[in-house]
Amino acid sequence: MGGVTSWPMSVPVVAGPGCEPIADGILREPVSAVSSLAFVVAGAVVVVGARRGARGQGAPRGTPGGRSPSLVGYGVLVAGIGLGSVAQHGPNPVWADLGHDLPLLATLAFITADAVADLIGRPRAWWWWALPSVALMPLLHAAPRAGDVSMDVAAAVTVAISLVRARVRPRLRRPIVWTVVLLAIGGLTSLVSDAGWPACMPGSVWQGHAVWHALTSVALVVLAAALGTQGSAPQHVDAPSEDEQW
């Protein structure tokens, strides 16, 4: 196809489940593996922003290094999505499904817990998102397809509760709505680029799943502006309890 860069002839063009050719070596799906690093960059952006914001507001007592506990934890989870995705699209070890799905599920649970805490007017506790994530670990590892269904359900719940939050908290609407729009565009692009769909081009460097990686990582950074708030204002505490550290 004119104007489309193809894989070297030595690499067999065999479409994988996401359309990208499955290659030999440590990077089985090179474009998807490399694009997964966008989540690592996004996580770093969130953490750096959280630390700068905490310093600008005055670091709460009990917070090492002036970091914001809420967004630092969120940033670590976002970066974990990228590392797990690199493992799955790269060497694909036996634990790849768990490594890919667990940080993504934990991130969704974190966002949902943060929204619920805001809506009910209570501080978010770490176990609100950590316990459901840990409880689903055996399912994610032993039954990947069932795990995928649970991920879809978790994503739908997260989007729904976030939209409710946007309706109740007008000042948070912009980041939440932009997040949903970016996720929708990325998801649709990935769908129409999967194997058997019109935009699937196995021999091209264009891969819709890589676009999903990029747009989703941007969306998670945008969403950070709406997290850790209560009543549309940042939560300020003098001495965060153990439950509030993440």
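If you had to explain the overall build of the chain to someone new, which residues and values would you point to?
Regarding its fold elements, the chain presents 9 helices and 2 strands. Secondary structure of the chain in N-to-C order comes out as α-α-α-α-α-α-α-α-α-β-β. Sorting the 246 residues of the chain into buried and exposed places 43% on the buried side.

Could you give an account of helix 8 (residues 173–192), with specific residues and numbers?
In an α-helix, one turn spans 3.6 residues, which is why side chains three or four residues apart end up on the same side. Relative to the 28 Å expected for 20 residues at 1.5 Å per residue, helix 8 spans 28 Å between its end C-alpha atoms, a close match to the ideal helical length. If you check which residues of helix 8 are buried, you get P175, I176, T179, L182, G186, T189 and S190. Around the axis of helix 8, the buried residues are gathered within 165° of arc, so they sit on the same side. Away from the buried face of helix 8 by more than 90 degrees, exposed residues R174 and L188 are located. In this fold, the buried residues of helix 8 make contact with helix 7 (144–168) and helix 9 (208–223).

How would you sum up the side chain of S193? Please name residues and give values.
By the element assignment, S193 lies in the loop between helix 8 and helix 9. Looking at S193, its side chain comes within polar contact range of the main-chain oxygen of T189, at 2.7 Å. When near neighbours in sequence (up to four residues on either side) are disregarded, S193 contacts G18, C19, A199, C200, W206 and G208.

Now, about unusual backbone geometry: what can you tell me, with residues and values included?
The residue N92 is not glycine, and still its phi comes out positive at about 55°. Looking at the element boundaries, N92 is found in the loop between helix 3 (69–89) and helix 4 (96–120). Residue class for N92 comes out partly exposed when judged on its relative accessible area of 34%.

Tell me what's going on with the state of the cysteines, and back it up with residues and numbers.
Throughout the structure, instances matching the rule amount to 1 disulfide. Disulfide pairing places C19 opposite C200 at an S-S distance of 2.0 Å. Handedness here is read from the sign of the S-S torsion; for C19 and C200, about 95°, the answer is right-handed. Of this pair, C19 sits in the segment before helix 1 (30–35) while C200 sits in the loop between helix 8 and helix 9; the two residues are 181 residues apart in sequence, bridging distant segments of the chain. For C19, a relative accessible area of 1% corresponds to the buried category.

Go over the environment of S35 with me, naming the residues and quoting the values.
The residue S35 is located in helix 1 in this model. Linking S35 and V211, residues 176 residues apart in sequence, is a C-alpha distance of 8.0 Å.

How would you sum up the nonpolar core? Please name residues and give values.
One finds Y74, W129, L220 and L223 to be the most contacted residues of the largest nonpolar core, which totals 35 residues. At 10 residues, helix 4 tops the list of elements feeding residues into this core.

How would you summarise the side chain of T107 if you had to cite specific residues and measurements?
Locating T107 in the fold gives a position in helix 4. Among the residues examined, T107 registers a relative accessible area of 2% and is labelled buried. Residues contacting T107, with those up to four places away along its chain left out, are Y74, L77, V78, I81 and L220.

Quick rundown of the layout of surface pockets? Include the residues and the values.
The volume enclosed by the largest pocket comes to roughly 1400 Å³. Lining the largest pocket are 42 residues, with H100, L104, D152, H209 and W212 positioned closest to its centre. At the level of elements, helix 3, helix 4, helix 7, helix 8 and helix 9 are the ones that each hand at least two residues to the lining of the largest pocket. Residue classes in the lining of the largest pocket are distributed as 19 nonpolar, 15 polar and 8 charged.

Conventions adopted
- Residues numbered from 1 in each chain as written.
- Predicted model: local features only at pLDDT ≥ 70, side-chain atom pairs only at ≥ 80, totals over all residues.
- Heavy atoms only, no water.
- Helix = DSSP H or I, 4+ residues; strand = E, 2+ residues; numbered from the N terminus.
- Buried < 20%, exposed > 50% of the residue type's maximum accessible area, 1.4 Å probe, protein only.
- Expected span 1.5 Å × (residues − 1).
- Arc of directions from axis to C-beta.
- Contact = heavy atoms within 4.5 Å.
- Polar contact = N/O pair within 3.5 Å; in protein donor to acceptor, adjacent residues only side chain to side chain.
- Disulfide = S-S within 2.5 Å.
- Core = buried A, V, L, I, M, F, W, Y, C linked by side-chain atoms within 4.5 Å.
- 1 Å grid on protein atoms, 1.4 Å probe; cavity = no way out; pocket = protein on both sides within 12 Å on 5 of 7 lines; lining within 4 Å.
- Points joined across faces, edges and corners; volume = space filled by probe spheres on them.
- Nonpolar A, V, L, I, M, F, W, Y, C, P; charged D, E, K, R; others polar.

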